[in-house]
Amino acid sequence: MNLAATNESLAEISNYLIYSSMAVYTLAFFAHMAEWLFGSRSKVARTAAALTAGDGGQGGREAAAPAVTVGTAGGTAVLDRPKVVTRATGGARDVPDGPGAHGGTAKGDLYGRIAVSLTVLAFLLEAAGVASRALSVQRAPWGNMYEFSTTFSTVVVGVYLVLLFAGKNVRWAGLPLVTTVLLDLGLAVTVLYTESDQLVPALDSYWLWIHVSTAIFCGAVFYLGAVGSILYLFRDSYEAKLAGGGTPGRFATSVLERLPSAATLDKFAYRVNAAVFPLWTFTIIAGAIWAGDAWGRYWGWDAKEVWSFITWVAYAAYLHARATAGWKGRKAAYIALIAFLTFLWNYYGVNMFVNSLHSYAGV
Amino acid sequence: MGSTSMNGSGKGTGEGGDGSGGPVEDTGAPAGAVRTAEERDLGEAGARLSTAPVEGAAETAAGAPGLGPVGWARWFWRQLTSMRVALILLFLLSLGAIPGSLIPQNSIDETKVAAFRERHETLAPLYDSLQFFDVYSSVWFSAIYLLLFVSLIGCIVPRSWQFVGQLRSRPPGAPRRLDRLPAYTTWRTEAEPEQVREAALAMLAGRRFRAHRAGDAVAAEKGYLREAGNLVFHVSLIVMLVAFAWGQLFKSEGGKLVVEGGGFSNTLTQYDDFRSGSLFATDDLTPFSFVLDSFTGTYAKSGPERGTPRTYEAAVTWSTPEGTERKQVIEVNRPLEVDGTKVYLNGHGYAPVVTVRDARGEVVFQDPVPLLPIDSNVTSTGAIKVMDGYRGPDGEKDQLGFQAFFVPTFAGAGEGDMFSQFPGLEFPVLALTGYHGSLGVDSGLPQNVYQLDTSKMEQFKAANGEVLKQRLLPGETMQLPDGAGSITFEKDVREWATFQITRQPATGWALSGAIAAIGGLAASLFVQRRRVWVRAVRGEDGVTVVEMAGLGRSESAKLPEELGDLALALNAQAPTAPEPVDATAEGATT
Ligand code: HEM
């Protein structure tokens, strides 16, 4: 049939696009490596300076001392925006953010920019791959794990790029992201690959669009949060060591020195996790409504439901930990990581190893 | 950090002032760190910026209640309603949910539990005693979530009162040193201090701050929605739990197989199987009935997934005692809903129509016989039982039983085995072997309608002494030996569908709770609660000094930005005075 033929060729095009995006991600990976390499030649040591200067951890507090009088310098015609002085709060280490992977070197920065451009290109290829897959099957491209995985990494990179172009300080995430996206795609095209086809009736519902798209989006954002939390943990021990008068190893110094400060990373992780938590709540509720339509009960403690619930409770615990004395900082970060692991397990583990009604994994 | 004293009326005044109570804040500040002199200057500025419980109260009491039963009870209650214990209970809840996802559960699939018991003879009793086959209704799991919800209620009630109190009272006055706050700005103006304060009050009120004058300053606060949202969220959790529990107690759920042309009416006796919650009463069943007009299944015809189902549709006509009669198509994701009861389509198969004649040639059986699918191409098996009316060649009463094997799409003659090649009805073939004797239906034991108990039956043999076995195409007849009668596979293969009929009350409550929870959560996480102070006093040289400062429950990048906007707006009404010519401030500007 004619229609079937176009579909098959579209599916093939999709595969080519995914492979091309993998090739470009690989190039982006090397460009990021070059960025880190050239950046390591810089000798900034801002963190160490901030943390070991005279009054130690109190360094940042001075920032607030000179209350700057602002306004129009001379005439009254120009209305300058009054300058706001900000001040770090109670006891936090006031450490400047690292300069980023390029370490302030022009060459490193150039490679970093190349890496970002390549990432944009790879993202476009991958997104086109996902879109053509969707067209080839005439439905949402989330019917099996191959499709989940490709969409998932597309969304991760998409969110990262959006944050980057919105001027947020996230370029530090470039290398870990590109690396894991390559791993994810590698898994997808080998272990998880499934021929394109239509859906079984149980999956054929507009709730698929709602529930699965938000689930994938939440996963992508949670992943960014987890990357932030991991780097926070490293950076925090580095800062703690410096503040305690120790000297971290050369490699650790070279890498961690260039990352944002622990406080910034922690805040980043918190913000993305908190921002997406209501959406995750919605995802579970949408799933329950769908289950109510498809299976006659909105909650039945199916393995997938149990693990979504666990993920939800774990992230709620993280939010509570942030608001509870004695649990902030590292402990909260560990909870966030555990929470993300439960998400991953729900995504890979339950699909592959646990017997569940949601066994559409196609593997 | 903040929660230590944010709401501590009368308790510490210190860290509250740093405004770090919220989630988007500092790290690593040890709770109860030594306060500096400036921090004490902040006074009550940060107090009552949230209703989070006073962390530390529980710990202080932890040492020695030593106050008799009342003291203990109070101590226990404090512990239970502390954030720390809530956190631990949340942990336990997620840990406790895990075994249920890995071990088969009675509530989901009893046959799997039985299989598990057979495979693990030593583990099973242990699991039994730990209630691992019924995790979600086990004593320990219930204990965790009930404690959590008691803790939640114990936390919400006082927080709500506190919040009401905060709504009634006014934002606290300006701390002595505004420049110690997280965001600060100042300028000099020729406007009178009184004028500036007036303008500030109007400007803040215009931006929906709750503002009032306090001494030489204006104090304002905004973002109460955060707290309200947080309370709504936690209350909604309770609503959802209660609705869920209510639904479990009163629910009813059962299955029914209906052949095309057949029907179902919603009374207990009509169900093939039925389960209900412990408080369910029979007259809770919604009175209605339906007839299955037709069932249609379509399947992928080609490609690698040939045979994969595409659509299942059950066309029904349903009616209520009041006389409404309507037609509707039930699909997998689209149940029929009658007055709170939902009818789901959840399975299908074939029911070939067969006619059995006895030795006299009289029709003793003519019905569609539903057969159970054993694979995804709907290869089906089942039994045909002729219980009464049959008379053998000698005229004596007897019973007949046939084992039936059915394929909707036969591989073709000579292709060996009887396994269907496709789930659609393309080349139906029915294979039969027959028995006569006692079906054993009177033995008093419940019998599976799809299985034949041949222990008291004798198999028909062909003339050559071999077992009588025949494959029939529609319209064909198998003769029984010795003129014992015949069985005909009519040119009529009906489809059957299984329906699940469920009623779970309070679903609406659960849904409303869920929606409120999301709304509350969004408000609680996205709204910033913050305070702004504007102080205007006459400086030593007679020029008015305006100082503005902001403090958030959560330190956010937006706070300084907002303060900048406010300052700009106020600056328009209280323009910056020219610098004194001697320009002492000149150096400071850089
Ligand atoms: C079913 C269990 C619970 C869930 C899912 C839950 C969820 C949440 C969430 C998501 C937040 C927002 C956190 C934030 O603002 O950063 C929150 C805040 C809060 N929860 Fe819970 N909660 C639960 C139980 C409890 C219990 C039992 C208590 C009382 C002990 C409690 C007390 C609080 C308080 C005081 C806050 C405000 C924290 C703040 O704004 O910093 N929660 N809760």
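Residues numbered from 1 in each chain as written. Chains lettered and ligands numbered in written order. Predicted model: local features only at pLDDT ≥ 70, side-chain atom pairs only at ≥ 80, totals over all residues. Heavy atoms only, no water.

Here we look at the overall build of chain A
Part 1 of the argument: For chain A, the helix and strand inventory stands at ten helices and one strand.
Part 2 of the argument: Tracing chain A from N to C terminus, the helices and strands come up as α-α-β-α-α-α-α-α-α-α-α.
Part 3 of the argument: Considering only contacts within chain A whose residues lie at least 6 apart along the sequence, 82% involve residues at least 24 apart.
Part 4 of the argument: Of the roughly 14,600 Å² of accessible surface on chain A, a fraction of 68% belongs to carbon and sulfur atoms. (Helix = DSSP H or I, 4+ residues; strand = E, 2+ residues; numbered from the N terminus. Contact = heavy atoms within 4.5 Å. Areas by Shrake-Rupley, 256 points an atom, 1.4 Å probe, with all protein chains shown as cover.)

A closer look at the coordination of the iron atom of the ligand
Part 1 of the argument: Here the iron atom of the ligand is held by the protein donor atoms A:His320 (NE2) and B:His234 (NE2), which lie 2.0 Å from it.
Part 2 of the argument: For the iron atom of the ligand, the six donor atoms are set out with angles of 84 to 179° between them, so the coordination reads as octahedral. Placement of A:His320 in helix α9 (residues 303-322) and of B:His234 in helix α9 (residues 224-250) is noted, with the two residues assigned to different chains.
Part 3 of the argument: By relative accessible area, A:His320 is classed as buried at 18%. (Donors = N, O, S within 2.8 Å, 3.2 Å for Na, K, Ca; no water. Tetrahedral: all angles 85-135°; square planar, octahedral: opposite > 155°, others 65-115°. Buried < 20%, exposed > 50% of the residue type's maximum accessible area, 1.4 Å probe, protein only.)

Some thoughts on the packing of helix α4 (residues 145-165) of chain A against helix α5 (residues 174-190) of chain A
Residues and elements named next belong to chain A.
Part 1 of the argument: Direction vectors running N to C along α4 and α5 enclose 165°, while the axes themselves pass 9 Å from each other. Taken together, the axes of α4 and α5 are roughly antiparallel relative to one another. When you trace α4 past α5, the crossing you get is left-handed. Residue-level inspection shows Tyr 146, Ser 149, Thr 150, Ser 153, Val 156, Val 157 and Tyr 160 of α4 in contact with α5, the latter providing Gly 174, Leu 177, Val 181, Asp 184, Leu 185, Ala 188 and Val 189. (Axes fitted to C-alpha atoms, helices over the stretch in contact; angles between N-to-C directions. Parallel < 35°, antiparallel > 145°, perpendicular 65-115°, else oblique. Left-handed = near helix turned anticlockwise from the far one by under 90°.)

A word on the sheet that holds strand β5 (residues 263-265) of chain B
Residues and elements named next belong to chain B.
Part 1 of the argument: On the basis of which strands lie adjacent, the open sheet formed by four strands has the order β5-β7-β8-β9 and antiparallel pairing. Of all strands in the sheet, those bounded by a partner on one side alone are β5 and β9 (325-331). Averaged over all neighbouring strand pairs, the angle between strand axes comes to 25°, with direction disregarded.
Part 2 of the argument: Where β5 meets strand β7 (residues 289-299), three bridges bridge the pair, whose relative direction is antiparallel. Looking at the pairing, Phe 264 lines up with Phe 290 of β7. (Pairing = 2+ DSSP bridges.)

Some remarks on helix α8 (residues 262-295) of chain A
All names here are of chain A.
Part 1 of the argument: Between its terminal C-alpha atoms α8 stretches 46 Å, which fits the 50 Å expected from 34 residues at 1.5 Å a residue.
Part 2 of the argument: Of all the bends in α8, the greatest, near 35°, is centred on Phe 277, and the proline Pro 278 appears no more than four residues after it.
Part 3 of the argument: Along α8, 26 of the 34 residues are buried, which leaves the element largely enclosed by surrounding structure.
Part 4 of the argument: Gly 296 lies just past α8 and shows a positive phi near 85°. (Expected span 1.5 Å × (residues − 1). Bend = angle between axes of the 7 residues up to and from the residue.)

Some words on the sheet that holds strand β22 (residues 544-552) of chain B
The pairing of strands in a sheet happens through backbone hydrogen bonds and is either parallel or antiparallel.
Part 1 of the argument: Taking strand neighbours across the sheet as the criterion, the six strands line up as β1(A)-β1(B)-β22(B)-β21(B)-β3(B)-β2(B) in an open arrangement whose pairing is antiparallel. Two strands lie at the open edges of the sheet, namely β1 (85-86) of chain A together with β2 (210-214) of chain B, each paired on one side alone.
Part 2 of the argument: Across six bridges, strand β3 (residues 217-222) of chain B lies against strand β21 (residues 530-538) of chain B in antiparallel orientation. Considered in β21(B), the bridge of B:Ala220 is made with B:Val532.
Part 3 of the argument: Helix-sheet contacts for helix α11 (residues 558-573) of chain B involve β1 of chain A together with β1 (183-189), β21 and β22 of chain B, and the interaxial angle to β22(B) is about 150°.

Focus on the packing of aromatic side chains
Part 1 of the argument: Counted under the stated rule, the structure contains 45 aromatic pairs over all chains.
Part 2 of the argument: Both rings, one in B:Phe410 and one in B:Phe427, keep their centres 5.6 Å apart while their planes meet at 80°; by these two values the pair is edge-to-face. In this pair, B:Phe410 is assigned in the loop between β15 (399-407) and β16 (429-437) and B:Phe427 in the loop between β15 and β16, connecting sequence segments 17 residues apart.
Part 3 of the argument: Note on B:Phe427: relative accessible area 32%, which makes it partly exposed.
Part 4 of the argument: Its end group placed over the ring of A:Trp327, A:Lys331 keeps NZ or CZ at 4.9 Å from the ring centre. (Phe/Tyr/Trp six-rings, centres within 6.5 Å; stacked < 30°, edge-to-face > 60°. Lys NZ or Arg CZ within 6 Å of the ring centre and 35° of its normal.)

Comments concerning the pattern of salt bridges
Residues and elements named next belong to chain B.
Part 1 of the argument: Inspection of the entire model under this criterion finds 28 salt bridges over all chains.
Part 2 of the argument: Asp 216 is the partner of Arg 535 in a salt bridge, and the nearest nitrogen-oxygen pair spans 3.2 Å. With Arg 535 in strand β21 and Asp 216 in the loop between β2 and β3, the pair connects residues that are 319 residues apart, well separated along the chain.
Part 3 of the argument: For Arg 535, a relative accessible area of 10% gives the class buried.
Part 4 of the argument: Sharing partners across several salt bridges, the network here consists of Arg 159, Glu 221, Glu 227, Arg 529 and Arg 531. (Salt bridge = Lys/Arg side-chain N within 4 Å of Asp/Glu carboxyl O.)

A word on the confidence of the model for chain A
Residue and element names in this part refer to chain A.
Part 1 of the argument: Chain-level statistics for chain A give a pLDDT mean of 81 and a share of 80% at 70 or above.
Part 2 of the argument: Low pLDDT (under 50) marks residues 54-79, which in the prediction has 37 contacts with non-local residues, meaning those over four places away or in another chain.
Part 3 of the argument: Predicted confidence for residues 359-363 stays below pLDDT 50, and this span has twelve contacts to residues more than four positions away or in other chains. (pLDDT = per-residue confidence, 0-100.)

Describing the pairing of β15(B)
Residue and element names in this part refer to chain B.
Part 1 of the argument: Most of β15 is tucked away: seven of the nine residues are buried.
Part 2 of the argument: Across seven bridges, strand β14 (residues 380-386) lies against β15 in antiparallel orientation. Of the residues in β15, the one forming a bridge with Gly 382 is Ala 404.
Part 3 of the argument: The pairing of β15 with β16 spans nine bridges and is classified as antiparallel. Paired with Gln 403 across the strands is Thr 433, a residue of β16.

Here we look at α4(A)
Residues and elements named next belong to chain A.
Part 1 of the argument: With 21 residues, α4 should reach 30 Å at 1.5 Å per residue; the first-to-last C-alpha distance of 30 Å fits that figure.
Part 2 of the argument: Across the 21 residues that make up α4, a large majority, 17, are buried.
Part 3 of the argument: After α4 finishes, the residue Gly 167 shows a positive phi value of roughly 85°.

Topic: the pairing of β14(B)
Residues and elements named next belong to chain B.
Part 1 of the argument: Most of β14 sits out of view: six of its seven residues are buried.
Part 2 of the argument: Bridging between strand β13 (residues 372-373) and β14 involves two bridges; their strand directions are antiparallel. Within β14, the residue paired with Pro 373 across the bridge is Ser 380.
Part 3 of the argument: In this antiparallel pair of consecutive strands, β13 and β14, the connection spans six residues, and Val 378 shows a positive phi of 60°.

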